[in-house]
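Notes for the structure review
Each chain, written out:
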Amino acid sequence: HRRRQRARGANHAAALARALALELDIPFSDALVRVRDTRQQARLSAVARRVNLEGAFQSAAQVSGQRVLLVDDVLTTGATALACARVLRSAGAQSVSFIALAGAVDRASKR
């Protein structure tokens with residue numbers, strides 16, 4: 001959402017996606033737009049994260065019949081990736097794959 005992007009100073013996921021597209025020599029597209037300003041996910045449970053993201057994204061590009069690589073900066077519970085993938089599939093994407101730069105660590109677990 002534009003308000004969150006102003007606060008963060010940039011769209012980190014889009015910057016990663018652009019760099020990856022350039023490296024892989026594949027087209028880049030801002031195929032999604034966040035249409036609803038949601039609560040910050042950091043302090044929400046996995047279930048609350050999924051509910052928080054319902055209706056938050058819309059397809060902003062023609063993806064019908066396309067194979068899409070969805071890029072994010074951090075994967076925590078996968079709620080954002082799932083919400084985005086659902087929107088892209090509903091818009092006709094043939095397939096949606098996902099990659100993240102980092103995964104969050106559950107500090108409460110005893111690994």
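These figures come from a predicted structure and were not determined experimentally.

A short note on the nonpolar core
Counting 13 residues, the largest nonpolar core has Leu-53, Phe-57, Val-63, Val-68, Leu-88 and Ala-93 as its most contacted members. Those elements that place two or more of their residues in this core are strand S3 (67–75) and helix H4 (79–90). A total of five residues in this core trace back to one element, the largest contributor, which is H4. In contact with Phe-57, not counting residues within four places along its chain, are Val-33, Arg-34, Val-35, Thr-80, Ala-83, Cys-84 and Val-87.

Quick notes on the pairing of S3
As paired strands, S3 and strand S4 (residues 95–103) are joined by eight bridges and run parallel to one another. Bridged to Leu-70 within S4 is Phe-98. Between the parallel elements S3 and S4, the chain passes through H4 in a crossover that is right-handed.

Re the environment of Ala-14
The topology assignment puts Ala-14 in helix H2 (residues 12–24). Classification of Ala-14 as buried rests on a relative accessible area of 7%. Along the primary structure Ala-14 and Phe-28 are separated by 14 residues, whereas in three dimensions their C-alpha atoms are 9.1 Å apart. If we skip the residues at most four places from it in the chain, Ala-14 touches Phe-28 and Asp-30.

Overview of H2
Spacing of three or four residues puts side chains on the same side of an α-helix, whose turn is 3.6 residues. Taking 1.5 Å of rise per residue, 13 residues should cover 18 Å, and H2 covers 18 Å from first to last C-alpha, within 8% of that figure. Taken together, the buried positions of H2 are occupied by Ala-13, Ala-14, Ala-17 and Ala-21. Down the axis of H2, the buried set is contained in an arc of 95°. They therefore lie on one face. Those residues of H2 that are exposed and aimed more than 90 degrees away from the buried face are Leu-22 and Glu-23.

Considerations on unusual backbone geometry
A positive phi is found at Asp-25, a non-glycine position, where the angle reads about 55°. Since its relative accessible area comes to 70%, Asp-25 is described here as exposed.

Regarding the confidence of the model for the protein chain
Confidence along the protein chain averages 89 in pLDDT terms, with 91% of residues attaining 70 or more. In the model of the protein chain, helix H1 (residues 2–8) stands out as the element of lowest mean pLDDT, 69, in contrast to H4, which has the highest, 96.

As for H4
Between its first and last C-alpha, H4 extends 17 Å over 12 residues, near the 16 Å set by a 1.5 Å rise per residue. By the burial criterion, the buried members of H4 are Ala-79, Ala-81, Ala-83, Cys-84, Ala-85, Val-87 and Leu-88. Elements that come into contact with the buried residues of H4 comprise strand S1 (32–34), helix H3 (46–52), strand S2 (57–59), S3 and S4. In the stretch just after H4, Gly-92 is the one whose phi turns positive, near 105°.

Calculation rules
- Residues numbered from 1 in each chain as written.
- Predicted model: local features only at pLDDT ≥ 70, side-chain atom pairs only at ≥ 80, totals over all residues.
- Heavy atoms only, no water.
- Core = buried A, V, L, I, M, F, W, Y, C linked by side-chain atoms within 4.5 Å.
- Buried < 20%, exposed > 50% of the residue type's maximum accessible area, 1.4 Å probe, protein only.
- Helix = DSSP H or I, 4+ residues; strand = E, 2+ residues; numbered from the N terminus.
- Contact = heavy atoms within 4.5 Å.
- Pairing = 2+ DSSP bridges.
- Right-handed = clockwise from strand over helix to strand, strands pointing away.
- Expected span 1.5 Å × (residues − 1).
- Arc of directions from axis to C-beta.
- pLDDT = per-residue confidence, 0-100.

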